[in-house]
Amino acid sequence: MKKSMVLKNFVVFEGIDGSGTSTQIGLLKNRPDSDRFFFTTEPTDSETGKFLRKMLKGDVELDPKTSAFLFAADRNEHLYGKGGTNCGVVERCGSGKIVVSDRYLFSSLTYQSVTCGDELPRRLNESFPLPEILFFFDIDPEISLKRVLGRGETEIYEKLDFQKATAERYRAVIDEYEKMNTEMKIVRLDATLPIEEVSKIIAGQLERIQII
């Protein structure tokens, strides 16, 4: 896997569906200094991202390799484009905003590798910058899926067998990046901890690297 540059002021939350990333981003949005942040997610709200969301809901059926290409294209738009209100991450980071993204390339290296193998997702994502800090929400798939089912609406990947494979792959991807010794800081979170405790860990880590 290619060692990529680190993008300052860029923070990424990753984890399988139901791990709590969206909940923690919601808490950051309620901080008194939330105007210092820019919150975003993948897929984006660009036209590519909207199409991918249809795919995730099962409205459009795609070959797994096609999905991998589209997720990479949407990520490029996320970083450099102006086609959606949550795009242009690189420019926003450069202007001093703390950009917090719910999902990034690690999702592709996990989800797409489960469906179409490792090689294509790696090749498509190797040139993208790494975040300054990556929070990995680690959780047992059976626990996370109960949370997802409690929402009453599921996507195509939200099945127990797939989530088990995804959780295993996520851990392998994080392990690999830890061994690469990049300048990206990786924080593994026990996503079964109380919401407030996870929030305190995240705030402490952001303060430690002087992001907040």
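See the structure above.
Cut-offs applied
- Residues numbered from 1 in each chain as written.
- Predicted model: local features only at pLDDT ≥ 70, side-chain atom pairs only at ≥ 80, totals over all residues.
- Heavy atoms only, no water.
- Helix = DSSP H or I, 4+ residues; strand = E, 2+ residues; numbered from the N terminus.
- Rg over C-alpha atoms; globule rule 2.2 N^0.38 Å.
- Buried < 20%, exposed > 50% of the residue type's maximum accessible area, 1.4 Å probe, protein only.
- Contact = heavy atoms within 4.5 Å.
- Axes fitted to C-alpha atoms, helices over the stretch in contact; angles between N-to-C directions.
- Parallel < 35°, antiparallel > 145°, perpendicular 65-115°, else oblique.
- Left-handed = near helix turned anticlockwise from the far one by under 90°.
- Nonpolar A, V, L, I, M, F, W, Y, C, P; charged D, E, K, R; others polar.
- Pairing = 2+ DSSP bridges.

Some words on the overall build of the protein chain
- The helix and strand tally for the protein chain stands at nine helices and five strands.
- Ordered by position from N to C terminus, the α and β elements of the protein chain give β-α-β-α-α-α-β-α-α-β-α-α-β-α.
- For 212 residues, the compact-globule estimate of 2.2 N^0.38 gives 17 Å, and the protein chain sits close to it at 16 Å.
- When its C-alpha atoms are laid out on the principal axes, the protein chain stretches across 40 × 35 × 35 Å.
- With 212 residues in all, the protein chain has 50% of them scored as buried.
- Taking the contacts inside the protein chain whose residues are at least 6 apart along the sequence as the reference set, 76% of them involve residues at least 24 apart.

With respect to the packing of helix α7 (residues 141-151) against helix α8 (residues 160-180)
- Running from N to C, α7 and α8 cross one another at 130°; their axes reach a closest spacing of 9 Å. Of the possible angle classes, the one that applies to α7 and α8 is oblique. As α7 packs across α8, the resulting crossing turns out to be right-handed. Along the contact surface, α7 presents Pro141, Glu142 and Leu145, while α8 presents Leu160, Gln163, Lys164 and Ala167.
- For the contact of α7 with α8, the residue count by class is four nonpolar, one polar and two charged.

Comments concerning the environment of Leu62
- Structurally, the position occupied by Leu62 is in the loop between α2 (47-56) and α3 (64-80).
- Classification of Leu62 as partly exposed rests on a relative accessible area of 24%.
- Remark: the alpha-carbon pair of Leu62 and Leu52, spanning ten residues in sequence, is separated by 9.7 Å.
- When residues no more than four places from it in sequence are discounted, the contact partners of Leu62 are Phe51, Met55, Ser67 and Leu70.

Remarks on the sheet that holds strand β4 (residues 130-138)
- Ordered in space as β2-β3-β1-β4-β5, the five strands form an open sheet in which the pairing is parallel. This sheet does not close on itself; its edge strands, each paired only once, are β2 (37-41) and β5 (185-190). Shown here is a sheet whose adjacent strand axes are inclined to one another by a mean of 20°, direction ignored.
- Here β4 runs beside β5; their pairing, made up of six bridges, is parallel. Paired with Phe137 across the strands is Leu189, a residue of β5.
- Contacts between helix α5 (residues 105-116) and the sheet are confined to β1 (6-15) and β4, with β1 contributing the most and set at about 40° to the helix.

By themselves, these figures tell us nothing about what the structure is for.
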